[in-house]
There are 6 protein chains.
Amino acid sequence: MKPTVYMEEMDAFTYREKLAKDAVVFIPVGALEQHGSHMAMCVDAALTKAMAGATAEALVADTDGALEGIVAAPINYGYRSQQRSGGGFHLTGTTSLSGTTLIALAKDVVFGLILHGARKIVLMNGHYENYQFIFEGAELALEKARENGIDDVKIQLLSYWDFVDDETIEALYPDGFTGWDLEHAGVMETSLMLLFHPDLVDMDKTGDALYDGLPAELPNYDVLPIVPGYTPPSGCLSSPVESSREKGAILRNVAVKHMVEAVKHEFSGEGDYHEV
Amino acid sequence: MKPTVYMEEMDAFTYREKLAKDAVVFIPVGALEQHGSHMAMCVDAALTKAMAGATAEALVADTDGALEGIVAAPINYGYRSQQRSGGGFHLTGTTSLSGTTLIALAKDVVFGLILHGARKIVLMNGHYENYQFIFEGAELALEKARENGIDDVKIQLLSYWDFVDDETIEALYPDGFTGWDLEHAGVMETSLMLLFHPDLVDMDKTGDALYDGLPAELPNYDVLPIVPGYTPPSGCLSSPVESSREKGAILRNVAVKHMVEAVKHEFSGEGDYHEV
Amino acid sequence: MKPTVYMEEMDAFTYREKLAKDAVVFIPVGALEQHGSHMAMCVDAALTKAMAGATAEALVADTDGALEGIVAAPINYGYRSQQRSGGGFHLTGTTSLSGTTLIALAKDVVFGLILHGARKIVLMNGHYENYQFIFEGAELALEKARENGIDDVKIQLLSYWDFVDDETIEALYPDGFTGWDLEHAGVMETSLMLLFHPDLVDMDKTGDALYDGLPAELPNYDVLPIVPGYTPPSGCLSSPVESSREKGAILRNVAVKHMVEAVKHEFSGEGDYHEV
Amino acid sequence: MKPTVYMEEMDAFTYREKLAKDAVVFIPVGALEQHGSHMAMCVDAALTKAMAGATAEALVADTDGALEGIVAAPINYGYRSQQRSGGGFHLTGTTSLSGTTLIALAKDVVFGLILHGARKIVLMNGHYENYQFIFEGAELALEKARENGIDDVKIQLLSYWDFVDDETIEALYPDGFTGWDLEHAGVMETSLMLLFHPDLVDMDKTGDALYDGLPAELPNYDVLPIVPGYTPPSGCLSSPVESSREKGAILRNVAVKHMVEAVKHEFSGEGDYHEV
Amino acid sequence: MKPTVYMEEMDAFTYREKLAKDAVVFIPVGALEQHGSHMAMCVDAALTKAMAGATAEALVADTDGALEGIVAAPINYGYRSQQRSGGGFHLTGTTSLSGTTLIALAKDVVFGLILHGARKIVLMNGHYENYQFIFEGAELALEKARENGIDDVKIQLLSYWDFVDDETIEALYPDGFTGWDLEHAGVMETSLMLLFHPDLVDMDKTGDALYDGLPAELPNYDVLPIVPGYTPPSGCLSSPVESSREKGAILRNVAVKHMVEAVKHEFSGEGDYHEV
Amino acid sequence: MKPTVYMEEMDAFTYREKLAKDAVVFIPVGALEQHGSHMAMCVDAALTKAMAGATAEALVADTDGALEGIVAAPINYGYRSQQRSGGGFHLTGTTSLSGTTLIALAKDVVFGLILHGARKIVLMNGHYENYQFIFEGAELALEKARENGIDDVKIQLLSYWDFVDDETIEALYPDGFTGWDLEHAGVMETSLMLLFHPDLVDMDKTGDALYDGLPAELPNYDVLPIVPGYTPPSGCLSSPVESSREKGAILRNVAVKHMVEAVKHEFSGEGDYHEV
C-alpha cells in the first residue's frame, strides 16, 4: 500500500505509528446536498476531504515531518441545508441529518480518536450549516475525555473558506463578493471541484436558463416550513459561470497555506494567537 | 390588569381571546452571559424581550390590530457563549445550555404554543450562538405539529440586529463596523440597554484599562478547550464607549420598523418575498 | 448599578466576587401557566423569583454576610400542568415542557453554576409538578460534577410552600386547608401576588360565576388524555376570594424565616438535621 | 394452562381473545428497593402486581365479565428512591433507574400495548417516587398513538394506597397516620406482604434495636448528595411492628373495592367523575 | 426468610453481606413475547431467571462458597422481536422495547449494581434480539463507572443456549439442528419450560394444525414493515413436538455446567481463556 | 458527468429523475476498523459500497431498467467492533460509534430519503456488529414516515455475505468454514478487496508471524472491559493467506446474483417469499 494521509487507505499498524508521533488528525465534515445541475451532490464532503488531505500533506512538508497529518474518514452527511446558505432541506437529493444526530456523530468520532491516543484534532467544516453542531459535538467529546482523565487534548474547529484572504477574494470576485453563505454551488465550490474532481462538474449546464437571476436575493431571516419560491430554480445561490480550474488552484493554495499556519500556531505551542 | 403584549403579565382568558384572533406570538431567545463590567448579565434576554415587545406593539399599531402581537416568556438561558461572538463559555457568570437542551427547550415552547392554537410564530434571537439550535428546535416542533395533523403553522426565525440597515450602521459606526459577532457588549447592545434598562448599565466602567485594546482580534477559527488569552480582559469584544441612549433609540426604531415589515410580509399572505 | 441579589441584574465582575465568597445560589423554578382570570400567567415563576430574592436577602442579613446569596435567572417554563394540581396542560396558555426537557434544563443550569465555582445551590420550586424532574436534573448535574472531579457541591431542593408552618395554615385557612396541590391560584398564590405584584392581580374577577363551586373536587387519580370536565371553569382549584396582601406578607415572612433556617442548617456545616 | 389475569402466564392466543373484548390492561410499576431487614426487596413490585391482579379479578367479577382484566408484566425497577419516601438511593440494594430511563420504559410498554389493540390502560404505581415519570411516559405514549392515528385510548394513572379511605386509615392507625410517603416499609406495606407473600417477611426482625426511633423525622426538603444520617438505620421510615395479615386483608379489600369503582367509572363511559 | 440467590426475595441486609463477599451478580434479560399457543408469554424472562438461578446456585456449590452468586430482578421486557428469531414484533402479545430504551435500562441496572459495590456482573440473555443492546448498555455503564473512578468492574455477557455443547445438540436434535435463532418456542425452550414451569406449557396444543409446516423457512434478510406471511401461523419457528422434561433437564445441566466454568474462568483470575 | 448509480457522483436533477421512476435506493453501512496489517481500514465501508454498486447495476441490467438502482453515500463509521467478530473496539484505528448514534444516523438517512420520495430502500450491511442498530434505525424511520402520513415504504435489511450460498462456501473454504463472524479480515474480505481495491491490500504481510495461529479461538461470550489477550496480534480472526482476486470475483458474482433476486422478490410485488 502506498503512503497516504488518508486513514481510510491506511492499515492500522501504519496508523498506530503515525498516531504515536502525535499526528494532527483532521476530520472533514461535509454533506450530501444538491449543488445545481452542474455538479454532483458530494461537493461538500469531497472538497473538505480534498482540502484536509492537501492541508495534511502541506503540514508534513512544511514542518519536515515534525507534525504528522492524518485525515479521518469524512462525515459525509450534514445538517439540514438552510435556504440562505444551501437552498433548503426540502430540495430532493439534499439528504440531511437532524441536529442531535450530527452532534452525536461528531462527538463519537472525535472521542473515538481521542480514546486511541489522538491529542491534536482539527474539525474541518465544508457545509455552512454544520458548524454549531460539530462545535457542540467537539465540546461533548472533550468533556467526556476529561471525565475519563484525559486532559491534554486540543481541538481546532474551522471552515476552510475562512482561510481565503481578502486579497484573493478581491482578485477572484472582481464584481464583488456576496459572502460565503451565498457561495453555495458558486465560483468557489465549482472552481475547487474543477480542480479536484473535474469529472463531477459539467460547466455546460451553467448556461441554462435555470441559472438566470443569480445571485439569489434571500430574506434576512428563515421561514419554516421552507417557502420554496425563495430558492432559485437551480438550487445554486450564486452563479458558477466564472469558475475555473485555475481559480480552484488559487483558492486551494491560499486556504491551505493559511490553514497550515493556523494549525502550526495551535499545535506547535507558540503561545497566543493574534489574527494578521 | 393593564393591557399588555407580554404573555407573562396577561391572564389566560385575555390570552385566549388574542390567540383566537390568530395573533403573532414572538418568543424572545436570550442568554445569561457576562457583558463586561459595565452591564448586567441579562442583556441578551432583556434586550430581546424588549425588542420583541416593541415589535409586537408596533405590529398592532401598524396593522390597526389586524395582526395581534403576543410576547411569550423569554428563553433566558442560551447556548454556550463562543469566544468569537461572546467571549467564551469559560467566563464565570456565563451560564450556558448544551446544544441538545436548547433544541429541546425551543421545540417544547414552540410546540406548546402551537398545541393551543398559535399558527404565526416568530422566534426572535438575541444571542448569536443560539441560532442554529433554535432553528432545529423550530423544525422539530413543526414536524411534531404535522405528525399531529396540524399543517398550517408558519415560523419565522430572525436575529434582531439583522434588521439594522446599512445606512444606520454607517451612521452609528463612523469608524467602521466590525460585524455583529464582535458586537458583544459593544455599541449596539450597550446603547439599547441605555434605552431600555439604563439602571443596568454603568458607563463609567467603560473608561477602565480593562477596556483597552478593543475591538478584539480573534482567530478565524475556534479552539477547545478555550484559550482564555484570546478573550479581552473585560469580556467585551468591541468598545462600548461610543454608546448612547440616542443610538439605542435609533437602533430600536430601525430594527423594529424592518421587523414589522418582515413579519407583515410573512404573515399577511402577500406572496413571495424579495429582499429590498 | 445598584446592589442586588439577582444575578440577571448583576455584572459578571460583581458576581465573581460574590461567588468567590462561596455564595448560596438560588435557582427559582416556575412555570408559564393559567391562574384563572384574576391573575397573570407568570405566577409560579414570579413568586418563586420573589421568594428566592427575599430568602437570599434575609440570609445575608441574618448571617451578617457570612453567607452571601445570589438568585440565578428563573427557569420560567415548567412541567406539564396536571389536573389535580394545576388544572391540566390542556388549558390554553399553560405552556409546558416535557419531562426530559425540564430534566436537561435543570441539569445544565445547575452544572453551569457548579462549573464556575458555585458549591452551595438551592433549587427553589414554585410549580407543584416540577419537583421530581428538577430533583433528577440536580442529581445528574451532581454526577457530572463528580465525573469532573468536583465533589464538594451540596444542593438543597425545596418547594417554598412547605415552609409555611401549621400554625400559619390554621390562622390563614380558618375553614380548613385542602392541601398545597389544590392551592393552585387560591389564597396562598393570590395573596403573595397581591404582595409582590399587585398590578398582575384583579380581585374583582374573583366574584365571577366562573369561580363558583370551589374548591374543586378531583379524582384521586389522573386520566390521559385529560378529561376537561374535571377542571373548574376558572382553572383555579380553590377559591382566591379570601386573599389579601396582609396574608401575603404573613406567608412570605413565615416561609422566608423557615427557609433561611433550613439553608443555614445545610450550608453552615452544623451537622445532621432533625425536623422540629 | 389455567385461567389467569396475568399476561406473563397467558399464551398469546388467549391474550388476543381477551384484548379483542377490549380488556382493561393494568401495568404494575414497582421498584427493587431495600425495605428494612424484615422484608425482601421486591416489595413495591410484588405488592403492585398482587394488587393489580386482585383488582383485575374483582373487576371481572363485579362486571360479570363485561370488563375483562389483564395484568401486564410489572416494571420491576423504579425511580431513584428518595430519602423522604424510601430512605434514599444511596442504600445498597436499592437499584434505581434514572428519570429518562423510567419515562422511556413506561412509554414503550404503554405504546406497545396500544399498538396491538389495548385501549383501556391502568398504570398502577407502587413506588412513591415513580409517579411523575410514568405520567410523562404515559403522555408520550398517548402522543405517539395520536401521531399514528390512534385516538381512542384512555389511560388511568393511580397509586394503590390512594384508594385506602380515611375510615380505614383511622381504624388501622389508631395512634395517627403520618402520610403515605413515610409508609415506606411500615404498617401498610408489611401487612400487605404478610397477606400476599408471608414467606418474604420476618416479623421477628422488627423488634431489633435497628427499628427504634420510628417514625423517622425528616426535613421538609431534599439534599443531594444524600445525607445518610437523615435515614434511620433500618431504612424503614415508620414502624412495621403493628402489622398483621388481617390488616393486610382489610387494606387490600378497601383499596381493591375503590379501585374497581374508579376503573369502572372511567372505562364504562358513565360521564364525569366527582370524588365521593 | 429462607436462603435464596434471588435478590428480589432477599432483604437488603443479607444482600449487603453477600455483596461484601464480592458476589457474582447475574442479571437475567428476557422478554414478554408470544411463544405459540402452547406456552405462556413469559418464556424468555422466566427461563433466563431460572437458568441464572441454577447457575448461581451451582457456582456457590462448585466453589464451596468462594464465589457467592446473586440473581438480580430480571429485565422482563425485551427488544422488538424479529421475524427470523421470534416471529416478529407485529404479533399481538409481543410487547417490545425500542433499542434506546433497552440500552438505557441495561445501563442503569448494571451501573446501579456497580454503584453499590458489585464488581463481578454477568448479563445473561434469553431473548435472541436483545444481545447488541445490552452489550451497549453494559459498555455505557462501564464507561460511567470509570468516569466515577471505579475501574475494577468486569462484566461477562452471554446467551445461555451458547453453552449447550455440540454433543448435546446432536443427541437432542437427531433430525438435525436448525440454529438457535429458529429455536423460538421450539424444543429447547419448550423442554426447559416443561422442567421449570410445567404449568405454563400445554403440550396438547402442539398437535394443532397451527403447528404444521415447521420449521419455518425464512428469508436471509429482514423486511420492514414486517411481512406477516413470512411467520408461521403459530408464531413458533420450529416444532416443539419432541420436547420433554427430560430434555429440559439435560439442557439445563449441560448449559449450567459450562456457564459455571466460564464464570469461574473470568472471575477467579485464572488468566486468558481458550474455548475448549 | 458520466452515468452512475452512485448518488454522491450524481447531480440532483438526475437523481430526481431516477427517484421519480421509483428507484431502489441502497444504503451501504460500513465501518472504519482495523483489518490487520495487510489491508486498509476502510474495508467494511469500501466493500459494502462496491457490493451495493454492483448489485444496483446488476438490478438495472437484470430488469431492463424496470427497477432503477441508486447507491446513497455510505455510512462509513460503524458500531463498536466486538472481539468475537472484529477483534474489539479497543484496537487503535477502530473508530466506533455508540449504539444510539448509529441508530440515529441510520434513522435520519433512511427518513431523509423517504421524505424526498424514496419508497424502496435496501440497507446493506458490511460490518457484523451494525445489524441490530440499523434495524432499529430503519424501524424508527418507518414509524416517523407513518406519523407523517407516508405508508407505502418498504425497507429490506441484509448483510451481503448472507447471500454467498453453501455451494460457494464449500468450494472456497475446502478446509472448513468457521462462520461469517470469524471472517473478519479473512479470505472473504481480503479476496473482495483484491477484486475491488487491490491497491489497498498487501498480501506479503500475511506471511508475517503476526498471522500465525489463525483462526482465532474465542470464548462463546463477551467480556467488558475487553480482554486484549483474546484477540490475535494481527487483529484478524481468520487467515487471509488463501485469498485471491478470483475468489473475490466468485464471491461478488454469487452474492450479487442472489441479492438481485432478493431485491426483485421484495420490490417487484410477487407476493410472499420462501427461501430456496
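Residues numbered from 1 in each chain as written. Chains lettered and ligands numbered in written order. Predicted model: local features only at pLDDT ≥ 70, side-chain atom pairs only at ≥ 80, totals over all residues. Heavy atoms only, no water.

1. Description of the overall build of chain A
Argument step 1. Within chain A, the regular secondary structure consists of 8 helices and 5 strands.
Argument step 2. Expected size for 276 residues packed as a compact globule is a radius of gyration near 19 Å; at 19 Å, chain A falls within 12% of this value.
Argument step 3. When the 276 residues of chain A are sorted by exposure, 70% land in the buried category.
Argument step 4. Relative to all contacts within chain A whose residues are 6 or more apart in sequence, the contacts with residues 24 or more apart total 78%.
Argument step 5. Here chain A has roughly 8,600 Å² of accessible surface; of this, 50% comes from carbon and sulfur atoms.
Argument step 6. Here chain A contributes 19 positively and 42 negatively charged side chains, and the mean placements of these two sets differ by 8 Å. (Helix = DSSP H or I, 4+ residues; strand = E, 2+ residues; numbered from the N terminus. Rg over C-alpha atoms; globule rule 2.2 N^0.38 Å. Buried < 20%, exposed > 50% of the residue type's maximum accessible area, 1.4 Å probe, protein only. Contact = heavy atoms within 4.5 Å. Areas by Shrake-Rupley, 256 points an atom, 1.4 Å probe, with all protein chains shown as cover. Lys, Arg positive; Asp, Glu negative; His and termini not counted. Charge placed at Lys NZ, Arg CZ, Asp CG, Glu CD.)

2. Examining the interface of chain F and chain E
Argument step 1. Listed per partner, the contact involves 48 residues of chain F and 48 residues of chain E.
Argument step 2. Applying the counting criterion to the chain F and chain E interface returns 4 salt bridges.
Argument step 3. Between Glu143(F) and Arg80(E) there is a salt bridge; the shortest N-O distance is 3.3 Å.
Argument step 4. Our enumeration of links across chain F and chain E arrives at 26 residue pairs in polar contact (both at pLDDT 80 or more).
Argument step 5. Those elements that provide at least two residues to the side of chain F that touches chain E are helix H4 (99–115), helix H5 (131–147), strand S4 (154–159), strand S5 (222–224) and helix H8 (245–267) of chain F.
Argument step 6. At 11 residues, H5(F) tops the list of elements feeding residues into the side of chain F that touches chain E.
Argument step 7. Its residues assigned to classes, the side of chain F that touches chain E comprises 24 nonpolar, 10 polar and 14 charged.
Argument step 8. Alignment of strand S5 (residues 222–224) of chain E against S4(F), held across 3 bridges, turns out to be antiparallel. Paired with Leu224(E) across the two strands is Ile155(F), which belongs to S4(F). (Salt bridge = Lys/Arg side-chain N within 4 Å of Asp/Glu carboxyl O. Polar contact = N/O pair within 3.5 Å; in protein donor to acceptor, adjacent residues only side chain to side chain. Nonpolar A, V, L, I, M, F, W, Y, C, P; charged D, E, K, R; others polar. Pairing = 2+ DSSP bridges.)

3. Looking at the relation of the copies chain F and chain E
The relation between the two copies of this chain is a rotation about an axis and a shift parallel to it.
Argument step 1. Once turned by 180 degrees and shifted 0.0 Å along the axis, chain F lies on chain E with an RMSD of 0.0 Å. Taken together, the rotation angle and the small translation identify this as a two-fold axis.
Argument step 2. Interface overlap between copies is the fraction of interface residues in one copy that are interface residues in the other; for chain F against chain E it reaches 100%, indicating a shared surface. (Least-squares fit on C-alpha atoms with pLDDT ≥ 70 in both.)

4. Remarks on the relation of the copies chain A and chain F
Argument step 1. Rotating chain A by 180 degrees and translating it 0.0 Å along the rotation axis places it on chain F, where the RMSD comes to 0.0 Å.
Argument step 2. Mapped onto chain F, 100% of the interface residues of chain A are again interface residues, and the two copies thus contact each other with one and the same surface.

5. Description of the sheet that holds strand S5 (residues 222–224) of chain C
Note on sheets: strands pair through backbone hydrogen bonds, and any given pair is parallel or antiparallel.
Argument step 1. A sheet is described by the order of its strands in space; here 5 strands give the open sequence S5(C)-S4(D)-S3(D)-S1(D)-S2(D), paired in mixed fashion. The open sheet is flanked by S5 of chain C together with strand S2 (69–71) of chain D, the only strands paired with a single partner. On average, each strand axis in the sheet is tilted by 20 degrees relative to the strand beside it, whichever way the strands run.
Argument step 2. Pairing between strand S1 (residues 24–29) of chain D and strand S3 (residues 120–125) of chain D: 6 bridges, direction parallel. Bridge pairing in S3(D) places Val29(D) opposite Asn125(D).
Argument step 3. Its contacts with the sheet put helix H2 (residues 43–62) of chain D on S1, S2 and S3 of chain D, and the angle it makes with S1(D) is roughly 165 degrees.
Argument step 4. Of the strands in this sheet, S5 of chain C together with S1, S3 and strand S4 (154–159) of chain D are in contact with helix H5 (residues 131–147) of chain D, which crosses S4(D) at around 175 degrees. (Axes fitted to C-alpha atoms, helices over the stretch in contact; angles between N-to-C directions.)

6. A few points about the pattern of salt bridges
Where charged atoms from two side chains of opposite charge come close, those side chains can pair.
Argument step 1. In this structure the tally under the stated criterion is 84 salt bridges over all chains.
Argument step 2. The salt bridge partner of Lys120(B) is Asp22(B), with a shortest N-O separation of 3.3 Å. One end of the pair, Lys120(B), is in strand S3 (residues 120–125); the other, Asp22(B), is in the loop between helix H1 (12–20) and strand S1 (24–29), with 98 residues separating them in the sequence.
Argument step 3. In this structure Lys120(B) comes out as buried when scored by relative accessible area, which is 16%.
Argument step 4. The class of Asp22(B) is partly exposed, set by a relative accessible area of 30%.
Argument step 5. Ionic pairing is found between Lys154(D) and Glu266(D), a salt bridge with its closest N-O pair at 2.8 Å. Of this pair, Lys154(D) sits in strand S4 while Glu266(D) is found in helix H8 (residues 245–267), placing the two residues 112 residues apart along the sequence.

7. Structural notes on the side chain of Ser37(E)
Argument step 1. Mapped onto the elements of the fold, Ser37(E) is located in the loop between strand S1 (24–29) and helix H2 (43–62).
Argument step 2. Given a relative accessible area of 4%, Ser37(E) falls into the buried group.

8. Let's talk about the interface of chain A and chain F
Argument step 1. Across the contact, 52 residues belong to chain A and 52 residues belong to chain F.
Argument step 2. On the chain A side of the interface with chain F, the three residues burying the most area are Met1(A), Thr92(A) and His116(A), jointly 17% of the side's total.
Argument step 3. Put simply, chain A and chain F have 0 salt bridges between them.
Argument step 4. Those elements giving two or more residues to the side of chain A that touches chain F turn out to be helix H1 (12–20) and helix H4 (99–115) of chain A.
Argument step 5. In terms of residues, the side of chain A that touches chain F owes the most to one element, H4(A), which gives 7 residues.
Argument step 6. Of the residues in the side of chain A that touches chain F, the class split is 27 nonpolar, 16 polar and 9 charged. (Buried area = accessible area lost by both parts, 1.4 Å probe.)

9. Some details on H4(F)
Argument step 1. If you check H4(F), its first and last C-alpha atoms are 24 Å apart, about what 17 residues at 1.5 Å a residue would give, namely 24 Å.
Argument step 2. Most of H4(F) is tucked away, with 13 of its 17 residues classed as buried. (Expected span 1.5 Å × (residues − 1).)

10. Remarks on the packing of aromatic side chains
To describe a pair of aromatic rings, you give the distance between the ring centres and the angle between the ring planes.
Argument step 1. Taken as a whole and assessed by the stated rule, the structure comprises 45 aromatic pairs over all chains.
Argument step 2. Centroid distance Tyr79(A) to Phe135(B): 6.4 Å. Interplanar angle 70 degrees. Geometry classified as edge-to-face. Taken together, the residues span two chains, with Tyr79(A) in the loop between strand S2 (69–71) and helix H3 (83–86) and Phe135(B) in helix H5 (residues 131–147). We note that Tyr79(A), like Phe135(B), is buried.
Argument step 3. Judged by centre distance (4.6 Å) and plane angle (70 degrees), the rings of Phe177(E) and Trp180(E) are edge-to-face.
Argument step 4. Chaining the aromatic ring pairs together yields one cluster made of Tyr79(A), Phe133(A), Phe135(A), Tyr79(B), Phe133(B) and Phe135(B).
Argument step 5. The lysine or arginine in question, Arg80(C), covers the ring of Phe89(C), its NZ or CZ lying 5.7 Å from the ring centre. (Phe/Tyr/Trp six-rings, centres within 6.5 Å; stacked < 30°, edge-to-face > 60°. Lys NZ or Arg CZ within 6 Å of the ring centre and 35° of its normal.)

11. Remarks on the pairing of S1(D)
Residue and element names in this part refer to chain D.
Argument step 1. S1 sits mainly inside the fold: 6 of its 6 residues count as buried.
Argument step 2. Residues Val24, Phe26 and Pro28 line one face of S1 and the alternating positions Val25, Ile27 and Val29 line the opposite face, and both faces are buried.
Argument step 3. Strand direction decides the pairing type here: S1 and S2, joined by 3 bridges, are parallel. Pairing of Phe26 across the sheet is with Val71, part of S2.

12. Section: the packing of helix H7 (residues 187–196) of chain B against helix H8 (residues 245–267) of chain B
Working note: a packed helix pair is described by the angle between its axes plus the distance between those axes.
All names here are of chain B.
Argument step 1. Two elements in contact, H7 and H8, have axes whose closest approach is 7 Å; the angle formed by their N-to-C orientations is 100 degrees. Considered as vectors, H7 and H8 are oriented roughly perpendicular to each other. Between H7, through Val187, Met188, Ser191, Leu192, Leu194, Leu195 and Phe196, and H8, the contact on the second element is made entirely by Arg245, Lys247, Gly248, Ala249, Leu251 and Arg252.
Argument step 2. Its residues assigned to classes, the contact of H7 with H8 comprises 8 nonpolar, 2 polar and 3 charged. (Parallel < 35°, antiparallel > 145°, perpendicular 65-115°, else oblique.)

It is worth stressing that arrangement in space is one thing and function is another; only the former is reported here.
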